[in-house]
Amino acid sequence: MGKMLNTNPFSLLAEIVSPFAMQSFLIAMIVLIVLGTIIQMIHHKNIIYFFNNAKKAKLQATREIGVAEKASILAKTTIVDIGTTSELGFGKRRLSHVLGMYGTIIFWVSSVVLVFCYTGAGKSSSSMWSMLWHVGAILTCVGGYWFWFFLRVDVSAEAHPWYRIIKADLFVLALLACSTFGLAWSYTQFNGQAGLSFLFLTLFVASNLILFGGVYWSKFAHMFYKPGAAIQKNLAEADGSRDNLPPPADAPEQFGLGIKREEPKHY
Ligand code: HEM
């Protein structure tokens, strides 16, 4: 098992598939992300709304932010808000998201590094990057399955069974399929189970095609929109424009517990 984690599955695959074909596949996936996101922005008009809203808000600004302050807001937003998905508050929802998010980033980066630098005749091997590839997939599974079975709002607050699938689940399910089938492929290939490893490789490829080919229909692009929105929100707070919202009252909030009184489970 330990040996498998240190083995680059793509270099074993290179015995039957050319490294050039693998590299082309990765580039095609990146092209699909760009195309899917751009077409989605055009169709949903969300980017037009975003910039119009930001322009409108700017008119309400009460102060000018300098370059240094802007840089510090950007850095803080990146590290705290985006890097720890702070909008999910404290708790399981945020922890599962952080696991899945970093797992996926590690999985993708190590896939690129392994395929471009450590796969093919005459290339050396890297147990560190091979290990990261497997760890990334495992973290994605931990965060993703936790979310899928227990935390999804449909399941945790609306009492729908975990196996009810709707279009909004495309992203999380395709993501989970990629990591799960990727791990199963690596395991069976490492153990020389030719038939099974071919089956899991096919499923791995298919789930990648669905994940990256489905960007237009899925929640994939939230990983670009969310950081943009967080930066805009924090800049609008600093320049006093506050997205056209009124400032907080100076009296303490006294609304009782409100929605914090109990978990939303009214069914
Ligand atoms: C590689 C980067 C990322 C991955 C793989 C990822 C993955 C996911 C997944 C699988 C979901 C569940 C989607 C669903 O079915 O409802 C989700 C939801 C969400 N993501 Fe991300 N995400 C990423 C980046 C981000 C970033 C950068 C932010 C914010 C700064 C963010 C904020 C959120 C929020 C607020 C939700 C809703 C969570 C909930 O319903 O509990 N994500 N993300």
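Everything here concerns the structure above.
Okay, so let's go over this structure. Throughout this document, residue positions are counted from 1 along each chain, in the order its sequence is written. Note on the predicted model: pLDDT of at least 70 is required for a residue's local features to be given, and 80 or more for side-chain atom pairs to be given and counted; whole-chain, interface and lining totals, by contrast, use all residues.

### Quick word on the overall build of the protein chain
Moving on, step 1. Per the convention used, a helix needs a DSSP run of H or I reaching at least four residues, while a strand needs a run of E reaching at least two, with both numbered from the N terminus. Scanning the protein chain for helices and strands turns up 11 helices and 0 strands.
Moving on, step 2. Each helix and strand of the protein chain, placed in order from N terminus to C terminus, yields the pattern α-α-α-α-α-α-α-α-α-α-α.
Moving on, step 3. In the protein chain, which comprises 267 residues, the proportion classed as buried is 20%. Counting other C-beta atoms within 10 Å of each residue's C-beta, where C-beta atoms are placed from the backbone, gives the exposure class: buried for 20 or more, exposed for 12 or fewer, partly exposed between.

### Concerning the site of the ligand
Moving on, step 1. Of all residues adjacent to the ligand, which total 24 residues, the nearest are Met101, Thr104, Val172, Met223 and Lys226.
Moving on, step 2. Put simply, the parts of the chain that give the shell around the ligand at least two residues each are helix 6 (92-117), helix 7 (127-151), helix 9 (170-190) and helix 11 (222-238).
Moving on, step 3. Tallying contributions element by element places helix 6 first for the shell around the ligand, with 6 residues.
Moving on, step 4. Broken down by class, the residue content of the shell around the ligand amounts to 13 nonpolar, 6 polar and 5 charged. Residue proximity rests on one test: whether the C-beta atom, placed from the backbone, lies within 6 Å of the molecule or strand. Each residue receives one of three labels: charged for Asp, Glu, Lys and Arg, nonpolar for Ala, Val, Leu, Ile, Met, Phe, Trp, Tyr, Cys and Pro, and polar for the others, Gly being one of them.

### Topic: the packing of helix 3 (residues 19-44) against helix 6
Axis angle and axis distance: for two packed helices, these are the angle between their axes and the distance between the axes, and together they describe the pair.
Moving on, step 1. Their axes nearest at 9 Å, the elements helix 3 and helix 6 cross at an angle of 150°. The two elements helix 3 and helix 6 meet at a crossing, and its hand is left-handed. Of the residues in helix 6, those in contact with Met22, Gln23 and Leu26 of helix 3 are Ser111, Val112, Val115 and Phe116.
Moving on, step 2. For the contact of helix 3 with helix 6, the per-class residue count stands at 5 nonpolar, 2 polar and no charged. Each axis is a line fitted through C-alpha atoms, and for a helix only the stretch in contact is used; angles between axes span 0 to 180 degrees, taken between their N-to-C directions. Helix crossings get a hand from a simple test, with the near helix turned counterclockwise from the far one by less than a right angle marking a left-handed crossing and a clockwise turn marking a right-handed one. Two residues qualify as being in contact provided that their C-beta atoms, derived from the backbone, are within 7 Å of each other.

### Here we look at unusual backbone geometry
Moving on, step 1. Positioned with a positive phi, Thr85 is a non-glycine residue whose angle comes to about 40°.
Moving on, step 2. Position of Thr85 among the secondary structure elements: in the loop between helix 5 (67-82) and helix 6.
Moving on, step 3. A positive phi angle is found at Ala159, which is not glycine, with a value near 65°.
Moving on, step 4. Within the secondary structure layout, Ala159 lies in the loop between helix 8 (153-156) and helix 9.
Moving on, step 5. You can call Ala159 exposed: it has 10 C-beta atoms within 10 Å.

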